[in-house]
Amino acid sequence: MKKLIFTIFGSTGDLTSRKLLPALSKLYKDNKIPKETKIICLGRKDLNTKSYLTYMNDESSAPLDLKTLEQIVEYHKIQITDKNDYNELKKIISKETDNQTKQLYYLAIGPELFFDVAQNINHSGLIEKANENQLIIFEKPFGHDLKSAKKINQMLWEFFDEKQIYRIDHYLGKEMIQNIMMVRFANRIFEEVWYNRTIKNVKIIVKETDGIFNRGGYYDQSGALKDMVQSHLIQMLSMVSMEVPLSYHSEDVKNEKVKAIENVSFDSNSFIFGQYEGYLNEDKVNKDSKTETFVFIKAFVNTPRFKGVPFYLMTGKKLDQKESVIIVEFEETSEQRKWNLPLSTNKLYIKIAPDDGVGLKFNSKVPGLTGDVQEVELEYCAACNAVGNLSEAYEKLLLEATESHKTLFTRWDEIELSWKLIEHIKEKQTDPIIYNDYKALQVLIKEKMDVKMP
Ligand SMILES: NC(=O)C1=CN([C@@H]2O[C@H](COP(=O)(O)OP(=O)(O)OC[C@H]3O[C@@H](n4cnc5c(N)ncnc54)[C@H](OP(=O)(O)O)[C@@H]3O)[C@@H](O)[C@H]2O)C=CC1
Ligand SMILES: O=C1O[C@H](COP(=O)(O)O)[C@@H](O)[C@H](O)[C@H]1O
């Protein structure tokens, strides 16, 4: 690839300021994308390139690398839902393009706009079907329910080849999510015990301290189930529970993930939905909204390997800390049971954020003249061992897309099945309880399900 044109629809939004622009400027600075890169940012706001970058810098939670971005960004005001504006866009892009140019079209917009924008891109000839130099990337959530997701996907297959379609789940770009397969399949000590006879339960946890910022318009229609469970949590669950793939090629891995998702069921008595106190005062949130900002679910993966093992899924906003982690808890040994001592169970921690790493808790003798036993932890810090900083998920994903690698992107059947699961949960959804303290939720989970969530 000699030249790259990266076009962003929804370029004035939160995702672009906090994730896409920082990732693109870093990739450019590190010479990971061509010297001849142009980022075409499209929006409705009346801005020029200079005022756009100033605006985005103000909006971003951390300062942008303006020096780099000034070299590659071009802002254009267009109405992305108006097909007539695409003639102008085509002229802008054609000016920069030859047959060596890779063109990526990134839809950093809500799914309600996917249809119009994809159709306009197709009808204006910006992307020709089967041209593998022209790719289209969709942010999550892909649709807002099963029906809309199917409709979008059907339309995409009319306009584009599957090879041109990239559906993002940014958790797949995270270092430790990619490490799940390594930990499972490249270590005899884990591979041997990855079964229901040795695994007691699995906890998949994504806690956030932040609220919804100014995303009320989107979030209030979505809630934690559609915003987080449908994508990130189900992806994590499938990677922990899938069978050994035939090979580590994208399609083989996805085939196994799909089989795992197909076998998921829920204990509907376990469901807990919460809404943080003050949510109703957030901008663009309905004053009587019942949208959940917290969810706890007990799930099962009904495969011979995992039948009977509870998978506790939990995610929420305004909780005690920012933490994404998978905890695999193992059964007691038969000796432990015999001794009837209060010994801990072994626990494997796959730490996704804020620290990237792996931890293993096990029992060990207290050193010295005592026979006591204590729980100790072995820790591996991936970030500490990386050369330079670990790359952020979006850096990895954008780079993969520029190189036409699809392993870290989701396939349609994964998304379709995940939406089916969300529909099952939604059928049993109850009004959320109001919380202002994570401890109260912990107590509730303990009382209701007899499980201690960290
Ligand atoms: N923010 C995040 O951390 C994450 C976001 N996502 C996903 O990315 C997508 C974008 O999210 P985010 O950036 O947070 O959303 P924002 O609400 O911050 O931004 C939405 C963008 O879409 C544009 N837009 C909205 N409606 C229209 C319209 N009718 N016509 C033209 N442009 C429109 C807005 O333009 P204008 O400024 O003119 O209103 C803005 O640029 C969503 O699907 C979200 O789920 C996924 C993962 C994380
Ligand atoms: O997709 C989303 O993810 C973020 C959490 O991602 P993380 O990388 O910070 O763990 C979440 O805040 C947001 O609501 C959701 O849309």
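Parameters and conventions
Residues numbered from 1 in each chain as written. Chains lettered and ligands numbered in written order. Predicted model: local features only at pLDDT ≥ 70, side-chain atom pairs only at ≥ 80, totals over all residues. Heavy atoms only, no water. UniProt positions renumbered as here; feature names shortened; annotations may be inferred. Near = heavy atom within 4 Å. Polar contact = N/O pair within 3.5 Å; in protein donor to acceptor, adjacent residues only side chain to side chain. Areas by Shrake-Rupley, 256 points an atom, 1.4 Å probe, with all protein chains shown as cover. Phe/Tyr/Trp six-rings, centres within 6.5 Å; stacked < 30°, edge-to-face > 60°. Helix = DSSP H or I, 4+ residues; strand = E, 2+ residues; numbered from the N terminus. Buried < 20%, exposed > 50% of the residue type's maximum accessible area, 1.4 Å probe, protein only. Lys NZ or Arg CZ within 6 Å of the ring centre and 35° of its normal. 1 Å grid on protein atoms, 1.4 Å probe; cavity = no way out; pocket = protein on both sides within 12 Å on 5 of 7 lines; lining within 4 Å. Points joined across faces, edges and corners; volume = space filled by probe spheres on them. Domains from an automatic or database assignment. Contact = heavy atoms within 4.5 Å.

Under an unreviewed UniProt entry, the name given to the protein is Glucose-6-phosphate 1-dehydrogenase, and the source organism is Mariniplasma anaerobium. Under the Sequence similarities (unreviewed entry) heading, UniProt states for the protein: "Belongs to the glucose-6-phosphate dehydrogenase family." The record in UniProt for the protein states the following under Pathway (unreviewed entry): "Carbohydrate degradation; pentose phosphate pathway; D-ribulose 5-phosphate from D-glucose 6-phosphate (oxidative stage): step 1/3."

This part is about the site of ligand 1. Within the structure, ligand 1 sits among 21 residues, and Thr12, Asp14, Leu15, Arg44 and Lys45 are positioned closest to it. Between ligand 1 and the protein, one listed contact pairs an oxygen atom with a side-chain N or O atom of Thr12 at 2.5 Å. Within the contact set of ligand 1, an oxygen atom lies 3.4 Å away from a side-chain nitrogen or oxygen of Arg215. Burial of ligand 1 by the surrounding chains reaches 80%, relative to a free accessible area of 890 Å².

So, about the packing of aromatic side chains. Going through the model one piece at a time under the given rule, you end up with 17 aromatic pairs. Plain terms: the ring middles of Phe185 and Tyr248 are 6.1 Å apart, the flat faces sit at 50° to each other, and that makes the pair tilted. Of this pair, Phe185 sits in helix α7 (residues 175-185) while Tyr248 sits in the loop between α9 (216-241) and α10 (250-262); the two residues are 63 residues apart in sequence, bridging distant segments of the chain. For Phe185, a relative accessible area of 18% translates into the label buried. Judged by relative accessible area, Tyr248 falls into the partly exposed class, the value being 47%. Here the aromatic rings of Phe294 and Tyr435 are separated by 5.9 Å at their centres, their planes lie at 65°, and the arrangement is edge-to-face. Taken together, the residues Phe294 in strand β9 (residues 294-301) and Tyr435 in strand β15 (residues 433-435) connect sequence positions 141 residues apart. Across this residue pair, the class does not change: Phe294 and Tyr435 are buried. The ring of Phe142 has Arg167 lying over it, and the distance from NZ or CZ to the ring centre is 5.5 Å. Positioned above the aromatic ring of Tyr166 is the side chain of Lys406, whose terminal nitrogen or guanidinium carbon lies 5.0 Å from the ring centre.

Summed over all chains, the structure comprises one cavity of 30 Å³ or more. Computed from the structure, the largest cavity encloses a volume of approximately 100 Å³. If you go around the largest cavity, you meet 15 residues; those closest to its centre are Ile168, Gln230, Ser231, Thr410 and Ile415. Sorting the residues of the lining of the largest cavity by element identifies α9 and α14 (412-427) as the ones contributing at least two each. For the lining of the largest cavity, the domains that each give at least three residues are domain 1 (3-168) and domain 2 (172-391 + 398-449).

Here the focus is the UniProt feature "binding site: substrate" (unreviewed entry) in the protein. Within this structure's numbering, the places UniProt gives as "binding site: substrate" (unreviewed entry) are His170, Lys174, Glu208, Asp227, Lys317 and Lys322. Structurally, His170 is set in the loop between β6 (165-167) and α7. Sequence-distant contacts of His170, defined by excluding residues within four places in its chain, comprise His232, Ala393, Tyr394 and Leu397. Of note, Asp227 is situated in helix α9. For Asp227, a relative accessible area of 2% translates into the label buried. Sequence-distant contacts of Asp227, that is, excluding residues within four places in its chain, are made with Lys140, Arg215, Tyr218, Tyr219, Ser222, His232 and Lys317. For Asp227, the side chain forms a polar contact with the side chain of Tyr218, separated by 2.5 Å.

Residue Pro141 is bonded to the preceding Lys140 through a cis peptide linkage, with omega at -5°. Positionally, Pro141 belongs in the loop between β5 (134-138) and α6 (146-159). Cis geometry marks the peptide bond from Ala353 to Pro354, where omega comes out at 5°. If you trace the backbone, Pro354 turns up in the loop between β12 (347-353) and β13 (357-365). The phi dihedral of Phe213 falls on the positive side, at around 50°, and the residue is not glycine. Residue Phe213 is classed as partly exposed on the basis of its relative accessible area of 49%. A positive phi angle is found at Asp450, which is not glycine, with a value near 55°. Residue position: Asp450 is located in the segment after α15 (438-449). Overall, the relative accessible area of 59% leaves Asp450 in the exposed class.

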